[in-house]
Amino acid sequence: MLRNNRLLMLFTIGVIVIQAVLAVSVGLDRPTWGDEWHFVETARLFGDEISLATLTK
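The following refers to the structure shown.

### Here we look at the overall build of the chain
Here's step 1: Across its full length, the chain holds three helices and zero strands.
Here's step 2: Each helix and strand of the chain, ordered N terminal to C terminal, gives the series α-α-α.
Here's step 3: In terms of overall dimensions, the chain has a C-alpha envelope of 45 × 30 × 20 Å along the principal axes.
Here's step 4: Counting only residues that meet the buried cut, the chain has 2% of its 57 residues in that class.
Here's step 5: As presented, the chain carries roughly 5,500 Å² of accessible surface, and 69% of it is formed by carbon and sulfur atoms.

### What about the pattern of salt bridges?
Here's step 1: A full pass over the atoms with the stated rule returns one salt bridge.
Here's step 2: R44 is the partner of E41 in a salt bridge, and the nearest nitrogen-oxygen pair spans 3.2 Å. Of this pair, E41 and R44 are both found in helix 2 (residues 36-48), three residues apart, which corresponds to roughly one turn of the helix.

### As for helix 1 (residues 2-26)
Here's step 1: Between the first and last C-alpha of helix 1 there are 36 Å, a value that for 25 residues agrees with the 36 Å anticipated at 1.5 Å per step.
Here's step 2: Within helix 1, only zero of the 25 residues are buried, which leaves the element largely exposed.
Here's step 3: Once helix 1 ends, the next one or two residues include G27, with phi positive near 100°.

Analysis parameters
Residues numbered from 1 in each chain as written. Predicted model: local features only at pLDDT ≥ 70, side-chain atom pairs only at ≥ 80, totals over all residues. Heavy atoms only, no water. Helix = DSSP H or I, 4+ residues; strand = E, 2+ residues; numbered from the N terminus. Buried < 20%, exposed > 50% of the residue type's maximum accessible area, 1.4 Å probe, protein only. Areas by Shrake-Rupley, 256 points an atom, 1.4 Å probe, with all protein chains shown as cover. Salt bridge = Lys/Arg side-chain N within 4 Å of Asp/Glu carboxyl O. Expected span 1.5 Å × (residues − 1).

Structure follows, in structure tokens:
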């Protein structure tokens, strides 16, 4: 059981590292598609300030 958990953890970390390397190498500075800009702006708003006032906007 412990070996299975360790393998799962190593697999998960490996997938995260691979995705991070791909994101850095491909770049995340592409223009947004369709209504994607709305979700990006919402994520930035919550990243800058999370409060009750922000949640009610």
